[in-house]
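Residue-level structural notes
These are the residues of each chain, in order.
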Amino acid sequence: MHRLIDMPIDLVKTIQYRTSIADFGMASSRVFGSSKAEMMLASNVQYALSMGHCGIRLPRHNSVYTGTGISIRCLKRLLDKLESEDYIRNYVGGFLHEGDERVDLSSCVLFTEAMKERFKPKAPELYKDVVHIRDRETKKRLASRGRSGIKAMSDVVVDLNRLMLSCSITQDDQTIPIQQFRRIFSGSLDSGGRFYSLDGGIQTMPSNERRQLLMSGSPVAELDYSCMHPSIIHELKNRENDVEFIDPYDFSVSQIEFSCAPKEVVRDYFKMALIIALNCKDFKSAEGALRHKFESDSKFHVLGHHFASDVLKEAYSHNLHLREYFFCDMGLFLQNIDSQIMSSLINMTNANMMPVIPVHDSVIIQEHNVKEVSEMMIDAYTRILGGSINHHF
């Protein structure tokens, strides 16, 4: 058994971006046999190789497999056997520290050349099962048949996936696996709905690493809607009134002493506090979430102290126009609206044959398309919310 924490961090990050996430719903009995673990693994191997992945992220703890019908004991035996026959290398995950940064590593299996020979990769397949509705608590998938609007939503994502099949993505001469997307809703089509890559991959990269990507040989740019959720609330509240949009992350009047912390770090902390306040059900859970963010993200350590309670109170005081939305679990509602905007934008980029990689409220595009996509972003925003856009990219 090998450990990811024993490997150089740059190599580990490459592995995390170039491995697929195991889908326990996949099943094929063509290769390994008939047990659920064998069928799941065979199907995931076939998919991963066809999309250009170097392996599969495969958790090794029991709780993940509860209710799947997959025996973790059987799966571990199978993985050990495949490693003994030189088809895979098993790597156990954990936590890796790079300076003050903690990197969470998922357990994974990496394919050997013998595995690649055994499974001759098929041509990449278009992913069409693109609208998922999941129970908010259990995360189990809910039936979507008969729900209005499913086909129109699906068509946009399938068209994006079709474009991405022919879009090569590289970073530092390393080929990134083909990107395919789906929308994931929480409980109903009115909650959540953002675009998620099947393997996480590029969406989980730090923004500075995403800038190094090439899409079909072209440098990339990432355009995002700044202050997205506060802007959505502003538009919904003031459709009939010409009310000035106030910078929701302004900390210039803060009474908190942040010592010599850089202004951009303080602003990011206020931004995080506001996002958490809009997502949490009450002040106590928001305070805990902000404290956890301070402790887990080393860039905030320069502040000297988490100041969670004080920062939340100042964010509340500064944003009079947003107060009624604080601490009332608005996150999934706002995500639903920003996902509608993203879907409208992608519908336009699809029509113009422009590949894009959605990253929640931003898009990674080929640099030469910046002007056209910027105009489409404004159009998509105004189509969904009406009125003029109140912020920049």
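Residues numbered from 1 in each chain as written. Predicted model: local features only at pLDDT ≥ 70, side-chain atom pairs only at ≥ 80, totals over all residues. Heavy atoms only, no water.

1. A look at the overall build of the chain
When its secondary structure is counted, the chain shows 12 helices and 17 strands. The principal-axis extent of the C-alpha atoms belonging to the chain is close to 65 × 50 × 40 Å. Across the 393 residues that make up the chain, the buried fraction comes to 51%. Surface accessibility of the chain: about 19200 Å² in total, with carbon and sulfur atoms responsible for 50%. The positive charge centre, built from 46 side chains, and the negative charge centre, built from 50, are 8 Å apart in the chain. (Helix = DSSP H or I, 4+ residues; strand = E, 2+ residues; numbered from the N terminus. Buried < 20%, exposed > 50% of the residue type's maximum accessible area, 1.4 Å probe, protein only. Areas by Shrake-Rupley, 256 points an atom, 1.4 Å probe, with all protein chains shown as cover. Lys, Arg positive; Asp, Glu negative; His and termini not counted. Charge placed at Lys NZ, Arg CZ, Asp CG, Glu CD.)

2. Let's talk about the pairing of strand β15 (residues 218-224)
Pairing analysis gives two bridges linking strand β14 (residues 213-215) to β15, with the strands arranged antiparallel. Within β15, the position partnered with Leu214 by the bridge is Pro219. Hairpin connection from β14 to β15: two residues lie between these consecutive antiparallel strands, with Ser216 at a positive phi of about 50°. Here β15 pairs with strand β17 (residues 362-366) via five bridges, running antiparallel. Pairing of Asp224 across the sheet is with Ser362, part of β17. (Pairing = 2+ DSSP bridges.)

3. Some details on helix α9 (residues 283-296)
Compared with an ideal rise of 1.5 Å per residue, which puts 14 residues at 20 Å, α9 spans 20 Å between its outermost C-alpha atoms and is within 8% of the ideal. What α9 keeps buried is the set Ala286, Glu287, Leu290 and Phe294. The buried residues of α9 all sit within an arc of 100° when viewed along its axis, so they share a single face. Exposed residues on α9 whose side chains face more than 90 degrees from its buried face are Lys284, His292 and Glu295. Looking at the buried positions of α9, the neighbouring elements they touch are α8 (263-279) and α10 (308-318). (Expected span 1.5 Å × (residues − 1). Arc of directions from axis to C-beta. Contact = heavy atoms within 4.5 Å.)

4. Focus: the state of the cysteines
Under the criterion given, the structure shown has zero disulfides. The thiol of Cys227 is not disulfide-bonded; the next cysteine sulfur, from Cys328, is found 19 Å away. Cys328 takes part in no disulfide bond, and the closest cysteine sulfur to it belongs to Cys280, at a distance of 11 Å. Residue Cys328 is classed as partly exposed on the basis of its relative accessible area, which comes to 34%. (Disulfide = S-S within 2.5 Å.)

5. So, the layout of surface pockets
Remark: the empty space left among the atoms is shown by a probe the size of a water molecule rolled over them. Each pocket or cavity is described by its volume, and for the second largest pocket that value is around 260 Å³. Around the second largest pocket sit 13 residues that line it, and Asp10, Thr14, Gln171, Asp172 and Glu209 are the ones nearest its centre. Among the secondary structure elements, those contributing two or more residues to the lining of the second largest pocket are α1 (9-17), β11 (174-176) and α6 (207-210). Of the residues in the lining of the second largest pocket, the class split is two nonpolar, five polar and six charged. (1 Å grid on protein atoms, 1.4 Å probe; cavity = no way out; pocket = protein on both sides within 12 Å on 5 of 7 lines; lining within 4 Å. Points joined across faces, edges and corners; volume = space filled by probe spheres on them. Nonpolar A, V, L, I, M, F, W, Y, C, P; charged D, E, K, R; others polar.)

6. Some details on the pairing of strand β7 (residues 108-111)
Residues Cys108 and Leu110 line one face of β7 and the alternating positions Val109 and Phe111 line the opposite face, and both faces are buried. Strand direction decides the pairing type here: strand β3 (residues 55-57) and β7, joined by three bridges, are antiparallel. Looking at β7, one finds that Ile56 is bridged to Val109. Pairing between strand β4 (residues 88-92) and β7: four bridges, direction antiparallel. What sits directly across from Asn90, in β7, is Val109.

7. Some points on the sheet that holds strand β13 (residues 192-197)
If you walk across this open sheet you meet the four strands as β9-β8-β12-β13, and the pairing is mixed. Both outer strands of the open sheet, β9 (141-142) and β13, are each paired with one neighbouring strand and no more. Relative to strand β12 (residues 181-186), strand β8 (residues 131-134) runs parallel, the two being bridged by four bridges. Considered in β12, the bridge of Arg134 is made with Ser186. The strands that helix α11 (residues 331-351) touches are β12 and β13; relative to β13, the one it contacts most, it runs at about 55°. (Axes fitted to C-alpha atoms, helices over the stretch in contact; angles between N-to-C directions.)

Interpretation note: all reported values are geometric properties and have no functional meaning in isolation.
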